[in-house]
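So the chains spell out like this:
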Amino acid sequence: QVHLVESGGGSAQAGGSLRLSCVVFGYTYSSNCMGWFRQAPGKEREGVATVDSDGSTTYAASVKGRFTISQDSATTTLWLQMNSLKPEDSAMYYCAAKYKWYGDNCPPISAYTDWGQGTQVTVSS
């Protein structure tokens, strides 16, 4: 069984930076997609960024150029570097994984089977 634990959330001023980490415990597979997702109060959970086992990344349009997703070679740690933060980035951030994924692109959010407990990010203006 896989267990994901996020950390690094907190409060920041608009224009500031935060770095989120997600450590994966348990057996993992070489073919996978991992991603960061967020959910603000009253809104649906949305994708922020994904990375597959080949290192290909995708970003939501709202964070492109500001956020960077990365992972270590063993795919046991996932990071999200968030720069130029905006108040609208405030949300609970979750990391998630989809193992044994062999598609060309990472799947939609509904396909992710393993989730962390979330870490809160609050950006003030």
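Position labels on residues start from 1 in each chain and follow its written sequence. Totals for whole chains, interfaces and linings use every residue, but because this is a predicted model, local features are given only for residues with pLDDT of at least 70 and side-chain atom pairs only at 80 or more, for both listing and counting. To obtain the side-chain values, all non-hydrogen atoms of the structure were used and water was disregarded.

Chemist: What should I look at first to understand the pairing of strand 11 (residues 119–124) in this one?
Modeler: The side chains of a regular strand alternate between the sheet's two faces. Burial status follows relative accessibility: with a 1.4 Å probe on protein chains alone, a residue under 20% of its type maximum counts as buried, one over 50% as exposed, and anything between as partly exposed. Strands here are runs of E lasting at least two residues and helices are runs of H or I lasting at least four, both read from the DSSP assignment and numbered beginning at the N terminus. Judged by which residues are buried, strand 11 turns out to be one-sided: Thr119, Val121 and Val123 face inward and are buried, whereas Gln120, Thr122 and Ser124, on the alternate face, are not. Two strands are said to pair when DSSP picks up at least two bridges between them. Here strand 2 (residues 10–13) pairs with strand 11 via 4 bridges, running parallel. The partner of Gly10 across the bridge, within strand 11, is Val121. Note: strand 9 (residues 91–99) against strand 11, 3 bridges, orientation antiparallel. Note on strand 11: the bridge partner recorded for Tyr93 is Thr119.

Chemist: Explain the packing of aromatic side chains here, please?
Modeler: The relative placement of two aromatic rings is captured by the distance of their centres and the angle of their planes. Only centres within 6.5 Å qualify two rings of Phe, Tyr or Trp (six-membered ring in Trp) as a pair; their planes then separate them into stacked at under 30 degrees, edge-to-face at over 60, and tilted for everything else. Applying the stated criterion across every chain yields a total of 4 aromatic pairs. Both rings, one in Phe37 and one in Trp115, keep their centres 5.0 Å apart while their planes meet at 55°; by these two values the pair is tilted. Placement of Phe37 in strand 4 (residues 32–39) and of Trp115 in strand 10 (residues 114–115) is noted, with a sequence separation of 78 residues between them. Its relative accessible area of 27% is what places Trp115 among the partly exposed residues. Ring geometry for Tyr94 and Trp115: centres 6.4 Å apart, planes at 80°, overall edge-to-face. Taken together, the residues span a long stretch of sequence, with Tyr94 in strand 9 and Trp115 in strand 10 at a distance of 21 residues. Three or more aromatic residues joined by ring pairs make a cluster, and in this case those are Phe37, Tyr94, Tyr112 and Trp115. The side chain of Arg45 reaches across the aromatic face of Tyr94, ending 3.8 Å from its centre. Counting as a charge over the ring demands two things of the Lys NZ or Arg CZ atom: a distance within 6 Å of the ring centre and an angle within 35 degrees of the ring normal.

Chemist: I'm lost on the pattern of salt bridges in this one. Help?
Modeler: Salt bridge, as used here: a side-chain nitrogen of Lys or Arg that lies within 4 Å of a carboxyl oxygen of Asp or Glu. Scanning all chains against the criterion turns up 3 salt bridges. Note that Glu46 is salt-bridged to Arg38, the shortest N-O span being 2.7 Å. In this structure, Asp89 and Arg66 form a salt bridge, with 2.7 Å as the shortest nitrogen-oxygen distance. Of this pair, Asp89 sits in the loop between strand 8 (77–82) and strand 9 while Arg66 sits in the loop between strand 6 (57–59) and strand 7 (67–71), and the two are 23 residues apart along the sequence. Exposure remark for Asp89: the relative accessible area of 1% places this residue in the buried category. The class of Arg66 is buried, set by a relative accessible area of 10%. Three or more residues are tied together by salt bridges with common partners; here these are Arg38, Glu46, Arg66 and Asp89.

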